[in-house]
Amino acid sequence: MTRYAAFLRGINVGRAKRVSMADLAGLVERLGYREVVTILNSGNVVFTAPASLRGDPGPRIERAVTDQLGVSSRVTALTSAEVNAAIEANTLLDIASNPSRLLVAILSKKVDRRAIQGLVRRDWAPGALVHDGRAAFLWCPDGILGSRLAKEFAAAIRDDATTRNWATMLRIQAALRSS
């Protein structure tokens with residue numbers, strides 16, 4: 001059995017793409033996953049995949065969300081080990097003083113890595129951007145909404161990433177550990 005975190009992109013932001021976390025948890029359980037827990041209201045689901053369910057659960061959940069809940073949302077699933085590796089790869093902790101302004105972008109397998117590298121090479125001071133494996137880390141010290149880095153990252157990556165702040169990532173990691 002493998003523990004996973006699934007990250008749904010763009011749900012429950014404003015009035016668009018509203019999804020009840022209870023409905024989402026029920027959907028994931030009906031797909032055969034166990035120990036399903038949602039974290040916050042922003043589309044984070046932690047669950048265990050039994051050995052009988054092989055392969056990446058992201059596309060399976062994505063199809064079911066569209067078919068059963070009527071909402072289109074990219075779903076990226078990471079194993080517990082991948083979430084831990086992403087958290088350990090964050091090299092911005094010594095400059096990031098506010099966890100709500102430190103974003104972790106969970107990257108889909110389809111993301112254009114050249115676009116990310118082009119962004120990484122740029123000077124974002126006083127912010128910063130680093131990339132490692134399945135995650136990119138964006139430090140937006142003056143806030144996310146007005147951040148040039150956050151805007152340009154979103155434009156370059158489009159729907160091939162979904163972001164969570166650092167505090168949320170730590171909550172997801174804790175949920176993955178408790179089962």
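Residues numbered from 1 in each chain as written. Predicted model: local features only at pLDDT ≥ 70, side-chain atom pairs only at ≥ 80, totals over all residues. Heavy atoms only, no water.

Trainee: Outline the environment of Asn41, listing residues and values.
Mentor: By the element assignment, Asn41 lies in the loop between strand 2 (34-39) and strand 3 (44-49). For the pair formed by Asn41 and Asp159, sequence separation is 118 residues and the distance between their alpha carbons is 19 Å. (Helix = DSSP H or I, 4+ residues; strand = E, 2+ residues; numbered from the N terminus.)

Trainee: Kindly report on the environment of Arg74, identifying the contributing residues and their values.
Mentor: Relative to the elements of secondary structure, Arg74 occurs in the loop between helix 2 (57-69) and strand 4 (75-79). Placed 86 residues apart in sequence, Arg74 and Asp160 show a C-alpha to C-alpha distance of 7.9 Å. Setting aside residues no more than four positions away along its own chain, Arg74 makes contact with Phe7, Leu8, Arg9, Glu62, Ser108, Asp159 and Asp160. (Contact = heavy atoms within 4.5 Å.)

Trainee: Outline helix 3 (residues 80-88), supporting the account with residue identities and numerical values.
Mentor: The set of residues buried in helix 3 consists of Ser80, Val83, Asn84, Ala86 and Ile87. All buried residues of helix 3 project into a common sector of 160° when viewed along the axis, lining one side. Of the residues in helix 3, the exposed ones pointing more than 90 degrees away from the buried face are Ala81 and Glu88. Close packing links the buried residues of helix 3 with strand 1 (2-8), strand 4, strand 7 (135-139) and helix 6 (166-177). (Buried < 20%, exposed > 50% of the residue type's maximum accessible area, 1.4 Å probe, protein only. Arc of directions from axis to C-beta.)

Trainee: Now, about the nonpolar core: what can you tell me, with residues and values included?
Mentor: In this structure, Phe7, Val83 and Ile172 are the most contacted members of the largest nonpolar core, which totals 23 residues. Looking at this core, the elements that each hand over two or more residues are strand 1, helix 3, strand 5 (102-107), strand 7 and helix 6. No other element matches the five residues that helix 6 contributes to this core. Here Val83 is in contact with Ala5, Phe7, Leu78, Met169, Gln173 and Leu176, once residues within four sequence places are set aside. Residues Ala6, Ala25, Tyr33 and Val75 belong to the second largest nonpolar core, which totals 22 residues. (Core = buried A, V, L, I, M, F, W, Y, C linked by side-chain atoms within 4.5 Å.)

Trainee: Quick one: what's the story with the pairing of strand 7, residue by residue and with numbers?
Mentor: The side chains of a regular strand alternate between the sheet's two faces. Across the five residues of strand 7, five count as buried, placing the element largely inside the fold. What you see with strand 7 is no split at all: Ala135, Phe137 and Trp139 on one side and Ala136 and Leu138 on the other are buried throughout. Relative to strand 7, strand 5 runs antiparallel, the two sharing five bridges. Bridging across to strand 7, Ile106 finds its partner in Ala135. The pairing of strand 6 (residues 128-132) with strand 7 spans five bridges and is classified as antiparallel. Within the sheet, the bridge partner assigned to Asp132 lies in strand 7 and is Ala135. (Pairing = 2+ DSSP bridges.)

Trainee: Before we move on, could you go through the pattern of salt bridges and cite the residues and values that matter?
Mentor: If you walk through the whole model with that rule in mind, you get eight salt bridges. The shortest N-O distance in the salt bridge between Arg74 and Asp160 comes to 2.7 Å. Here Arg74 is found in the loop between helix 2 and strand 4, whereas its partner Asp160 is found in the loop between helix 5 (148-157) and strand 8 (161-165), with 86 residues between them in sequence. The shortest N-O distance in the salt bridge between Asp112 and Arg114 comes to 3.5 Å. The class of Asp112 is partly exposed, set by a relative accessible area of 34%. Among the ionic contacts, a cluster of salt bridges with common partners joins Arg74, Asp159 and Asp160. (Salt bridge = Lys/Arg side-chain N within 4 Å of Asp/Glu carboxyl O.)

The values are spatial; any link to function lies outside them.
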